[in-house]
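Listed below, chain by chain, are the residues.
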Amino acid sequence: MSSVQGKSLILSHAHKVAIKHSAGLARDLRVAFGGILTTQPSSSSNENFYCVGSDGEGVSTPSSSNSSSSSPVTKGNVTTTGTAGPSSTSVASSSWKATNSYSGQTFFNGWSFYTAADPTNGNVQYVDQGTAQSAGLIQINSNGNAVMRVETTPQVQTNRQSVRITTQATFDGGLVVMDAVHMPTGCGTWPAFWTNGPNWPAGGEIDIIEGVNNYTNNQATIHTNPGCILPSTTSTSLNMSGTLVASTDCSVVSTGNQGCGIRSNSSNSFGSGFNGIGGGVYAMLWDNSGIKVYFFPRGSIPSDISAGAPQPQNWPAPMANWPSTDCNPYQYFNTHSAIFDTTLCGDWASAVWSGTGVPGQSVSCAQQTGFSTCSAFVQASGGSFSEAYWEVSSVKIYQNTS
């Protein structure tokens, strides 16, 4: 099938889903738009561009029977739940105070487990907390890190079990710091760590970590309502180390959902490259100046982050930067939750199954695996997903009290 035909089929499917879910389900618009492939008018496969894919559900993900049912309480401009991990004690020299901290044995407290069908059409079935625990898909390991796996049963008839979790806490602005030692990688995988608001895309979306298959360079993206524009295409002007992938227009409607994507120039920022160095820290800063994503490899993590007293004003240039010049971050983004997920195949990984040219993908997955389709590989090759897991040390959400 040609790329034009493939894109047409995806757009047709999205249109049908939009019609089906349009009645009173604004937050489910992401099902219609999620995962649509857009390509710059260029033959380079580096221009392929996707979003995470969501039902717009960043606030009220269906909870599993084992998830906490405590009611939300408001803390300033952060809405949290009584079950989130204890807030860390801030060092006096920092104006950033942790409002939510997830780590250790209580890491999964304060997260909801999503169990609906994957809105990006992946070959996964997201499961509730009890099922994930009994199937060995989640655990707190001997290092005190939270692990989230994909099912590795040798062969399955349809989809593999996987995990998608959403914080019950919501926030407007702030600093999200995530420390991980491993992320899912390998042909067929599509992992992401991101934040999302209600009534997508009105509440905005910030993809902090995202990629597919054997990619080694992270791609961070924002998706918004019309009107959010980047003031430049150059990394120097935007004061960032990454490279703009496609459009300066971040609007879902104007760009066919490609948004404003920025790719890291570091081959250890995603996938096997990230895992090979023991991971690192990703931080997303959302304040009056705009939205920024930082990556600090293991061994180069600022001491203020390790001390729980972040000083982002002293950090080097971010990997990605969307300044507030022509995109008010409090107009286009609101009431966000943080999300981890790992899907398999789906609209992105499937569409580039036979592709090469993106950093890390010098050989196509079709050639590497011997399977002509991603879904056939997923169903027949459980042992190939031994590296398809997150291992997360902590997630902390901070607010500036100055």
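From a predicted model like this one, the values you see are computed outputs, not experimental measurements.

Asks: How should the overall build of the protein chain be read in this particular structure?
Replies: Counting secondary structure elements, the protein chain contains nine helices and 21 strands. The proportion of buried residues among the 402 residues of the protein chain is 58%. Counting only contacts in the protein chain whose residues sit at least 6 apart along the sequence, the fraction spanning at least 24 positions is 73%. Just so you have it, the protein chain exposes about 14500 Å², and 49% of that area is on carbon and sulfur atoms.

Asks: Help me understand the state of the cysteines in this model?
Replies: Structurally, a disulfide amounts to a covalent bond that connects the sulfur atoms of two cysteines. Evaluated as defined, the whole model comprises four disulfides. The disulfide partner of C187 is C365, and the gap between their sulfur atoms is 2.2 Å. Judged by the torsion about the S-S bond (-90°), the C187/C365 disulfide is left-handed. With C187 in the loop between β11 (174-182) and β12 (189-196) and C365 in helix α8 (residues 365-369), the pair connects residues that are 178 residues apart, well separated along the chain.

Asks: What should I look at first to understand the sheet that holds strand β16 (residues 260-263) in this one?
Replies: Working definition: the strands of a sheet are paired by backbone hydrogen bonds and lie parallel or antiparallel to each other. One open sheet accounts for eight strands, arranged β4-β9-β20-β12-β13-β14-β16-β15; its pairing is antiparallel. With partners counted over all chains shown, the strands left at the sheet margins are β4 (111-113) and β15 (243-244), one partner each. As paired elements, β12 and strand β13 (residues 205-210) share five bridges and run antiparallel to each other. Note on β13: the bridge partner recorded for A192 is E210.

Asks: Help me understand the pairing of β13 in this model?
Replies: Regular strands place side chains that alternate from one sheet face to the opposite one. Within β13, six of the six residues are buried, which leaves the element mostly enclosed by the surrounding structure. Of the strand pairs in this sheet, β13 and strand β14 (residues 219-223) are connected by three bridges, and their pairing is antiparallel. Its bridge partner lying in β14, D207 is registered against T221.

Asks: How do you make sense of the packing of aromatic side chains when you look at a structure like this?
Replies: In this description, an aromatic ring pair is defined by two values, namely the gap between the centres and the angle between the planes. In total, this model carries 22 aromatic pairs according to the counting rule given. Ring centres 6.0 Å apart and planes at 45° place the aromatic pair F108 and F113 in the tilted group. Each ring, one from F274 and one from F295, has its centre 5.9 Å from the other, and the planes form 40°; the classification is tilted. One end of the pair, F274, is in helix α5 (residues 271-276); the other, F295, is in strand β18 (residues 290-297), with 21 residues separating them in the sequence. By the burial criterion, F274 is buried, and F295 matches it. Here the aromatic cluster, defined as three or more aromatic residues joined through ring pairs, consists of Y102, F107, F108, W111, F113, F193, F340 and W390. When the ring centre of Y114 is taken as reference, the NZ or CZ atom of R164 above it lies at 4.1 Å.

Asks: What is the right way to look at the pattern of salt bridges in this model?
Replies: Pairing is possible between side chains that carry opposite charge, provided their charged atoms lie close to one another. If you walk through the whole model with that rule in mind, you get one salt bridge. As a salt-bridge pair, R298 and D179 come within 2.8 Å of each other at their nearest N and O atoms. Taken together, the positions of R298 in the loop between β18 and α6 (303-306) and D179 in strand β11 put the pair 119 residues apart, joining distant regions of the chain. For R298, a relative accessible area of 30% puts it in the partly exposed group.

Asks: It is not clear to me how the side chain of E210 should be interpreted in this structure. Could you clarify?
Replies: Examined against the element boundaries, E210 turns out to sit in strand β13. Look at E210 and you get buried, because its relative accessible area is 1%. Within the local environment of E210, its side chain forms a polar contact with the side chain of W190, the two groups lying 3.1 Å apart.

Asks: Looking at this structure, how should I read the pairing of strand β20 (residues 337-344)?
Replies: With eight of eight residues buried, β20 is to be regarded as a mostly interior element. Sheet analysis places strand β9 (residues 164-167) next to β20, joined by three bridges and oriented antiparallel. Along β20, the bridge assignment pairs T166 with I339. In this sheet, β20 lies alongside β12 in antiparallel orientation, the contact comprising eight bridges. Along β20, the bridge assignment pairs A192 with D341.

Asks: Just to check I follow, could you spell out the nonpolar core for this structure?
Replies: Counting residues in each nonpolar core, the largest one holds 61 residues, and the members touching the most others are F107, W322 and F340. Top contributing element to this core by residue count: strand β21 (residues 389-400), with four residues. In contact with W322, other than residues within four places in its own chain, are A220, T221, I222, L230, C250, C260, I262, G290, I291 and V293.

Asks: Whenever I open this one, the confidence of the model for the protein chain confuses me. Can you help?
Replies: As a general rule, the predicted coordinates of low-pLDDT regions are not to be interpreted in detail. For the protein chain, per-residue confidence averages 84 on the pLDDT scale, and residues scoring 70 or more make up 77% of the total. Within the model, pLDDT remains below 50 along residues 1-49, and this stretch shows 93 contacts once partners closer than five positions in the same chain are excluded. Here residues 54-90 scores under 50 on pLDDT; set against residues more than four positions off or in separate chains, the count is 113 contacts.

Asks: Looking at this structure, I do not really get the side chain of S162. What am I missing?
Replies: Inspection of the secondary structure assignment puts S162 in strand β8 (residues 160-162). Overall, the relative accessible area of 1% leaves S162 in the buried class. A polar atom in the side chain of S162 sits 2.6 Å from the backbone oxygen of T342. Sequence-distant contacts of S162, that is, excluding residues within four places in its chain, are made with V124, Q125, Y126, V127, L137, R149, V150 and T342.

Asks: Before we go on, may I ask you to explain the environment of S394 in this structure?
Replies: Its place among the elements puts S394 in strand β21. Overall, the relative accessible area of 14% leaves S394 in the buried class. Counting along the chain gives 248 residues from S394 to A146, while the straight-line C-alpha distance between them is 8.0 Å. With sequence-adjacent residues up to four places away left out, S394 is seen in contact with Y102, S103, F107, V177, M178 and D179.

The rules we used
- Residues numbered from 1 in each chain as written.
- Predicted model: local features only at pLDDT ≥ 70, side-chain atom pairs only at ≥ 80, totals over all residues.
- Heavy atoms only, no water.
- Helix = DSSP H or I, 4+ residues; strand = E, 2+ residues; numbered from the N terminus.
- Buried < 20%, exposed > 50% of the residue type's maximum accessible area, 1.4 Å probe, protein only.
- Contact = heavy atoms within 4.5 Å.
- Areas by Shrake-Rupley, 256 points an atom, 1.4 Å probe, with all protein chains shown as cover.
- Disulfide = S-S within 2.5 Å.
- Pairing = 2+ DSSP bridges.
- Phe/Tyr/Trp six-rings, centres within 6.5 Å; stacked < 30°, edge-to-face > 60°.
- Lys NZ or Arg CZ within 6 Å of the ring centre and 35° of its normal.
- Salt bridge = Lys/Arg side-chain N within 4 Å of Asp/Glu carboxyl O.
- Polar contact = N/O pair within 3.5 Å; in protein donor to acceptor, adjacent residues only side chain to side chain.
- Core = buried A, V, L, I, M, F, W, Y, C linked by side-chain atoms within 4.5 Å.
- pLDDT = per-residue confidence, 0-100.

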